[in-house]
Amino acid sequence: MNLRPLKICLAIAALWGLLAPQATLAHAFPEHMEPRVGAVIDNVPGQVQIWFDADLEPTFSTLRVLDAQGRQVNRDPGQVNAGQARLLEARLPPLARGVYHVYWRVIARDGHVTEGDYAFTVGR
């Protein structure tokens, strides 16, 4: 009886078992945001910050903050913090009362894209 095909199948299955969990962990997902999702704040922050669960590729990761009329209000194009590869941030000017939408798109260092958005309200 030739056991070689069985050994090859078992080796492939073992290799798949080692690689499959890595594929599910490849995307970068937000862990924490400031201001928080849906927050109503009185003190306007100087920036929007989003912390992710994986390192980000700085060249291709972006963050935009838009007002209710769809105008971008962040002073710079959002970027990955130079000292923290998991932090995406954008500086903000003083904001008027109203709803603001944060749009982010990141690429994890392994090349997987994740994007999303949320809103917060300035209610002073």
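Everything here concerns the structure above.
Residues numbered from 1 in each chain as written. Predicted model: local features only at pLDDT ≥ 70, side-chain atom pairs only at ≥ 80, totals over all residues. Heavy atoms only, no water.

(A) Seen up close, the overall build of the protein chain. Of the regular secondary structure elements, the protein chain holds one helix and eight strands. Each of the 124 residues in the protein chain was classed as buried or not, and the buried ones make up 32%. Surface summary for the protein chain: the accessible area is close to 7900 Å², and the carbon and sulfur share equals 57%. (Helix = DSSP H or I, 4+ residues; strand = E, 2+ residues; numbered from the N terminus. Buried < 20%, exposed > 50% of the residue type's maximum accessible area, 1.4 Å probe, protein only. Areas by Shrake-Rupley, 256 points an atom, 1.4 Å probe, with all protein chains shown as cover.)

(B) Quick look at the nonpolar core. Residues V65 and F120 are the most contacted members of the largest nonpolar core, which totals 25 residues. Elements represented by at least two residues in this core include exactly β3 (47-52), β4 (62-66), β6 (87-91), β7 (98-107) and β8 (113-122). Counting residues per element, this core draws most heavily on β7, which supplies four residues. Setting aside its immediate chain neighbours within four residues, F120 contacts P35, R36, A39, I41, V48, V65, L95, G98, V99, Y100 and V102. (Core = buried A, V, L, I, M, F, W, Y, C linked by side-chain atoms within 4.5 Å. Contact = heavy atoms within 4.5 Å.)

(C) Representation of the sheet that holds strand β2 (residues 40-41). In spatial order, the strands read β2-β8-β7-β4; together these four strands make up an open sheet with mixed pairing. A strand with exactly one partner marks an edge of an open sheet, and here the two such strands are β2 and β4. Here β2 runs beside β8; their pairing, made up of two bridges, is parallel. Paired with I41 across the two strands is V122, which belongs to β8. (Pairing = 2+ DSSP bridges.)

(D) Examining the sheet that holds strand β1 (residues 30-34) more closely. Overall, antiparallel pairing links the four strands, which are arranged β1-β3-β6-β5 in an open sheet. The sheet is open, and its two edges are formed by β1 and β5 (79-80), each paired on a single side. Taken together, the five bridges between β3 and β6 define a ladder with antiparallel strand orientation. Looking across to β6, one finds that W51 is bridged to L87.

(E) Inspection of unusual backbone geometry at higher detail. In the segment running from E34 into P35, the intervening peptide bond is cis, with an omega of -5°. Residue placement: P35 occurs in the loop between β1 and β2.

(F) Structural detail: the packing of aromatic side chains. Applying the stated criterion to the full structure yields two aromatic pairs. Where F52 meets W104, the ring centres are 5.2 Å apart and the plane angle is 75°; that geometry is what we call edge-to-face. Note that F52 is positioned in strand β3 and W104 in strand β7, a separation of 52 residues in sequence. The exposure classification of F52 matches that of W104, with both residues buried. (Phe/Tyr/Trp six-rings, centres within 6.5 Å; stacked < 30°, edge-to-face > 60°.)

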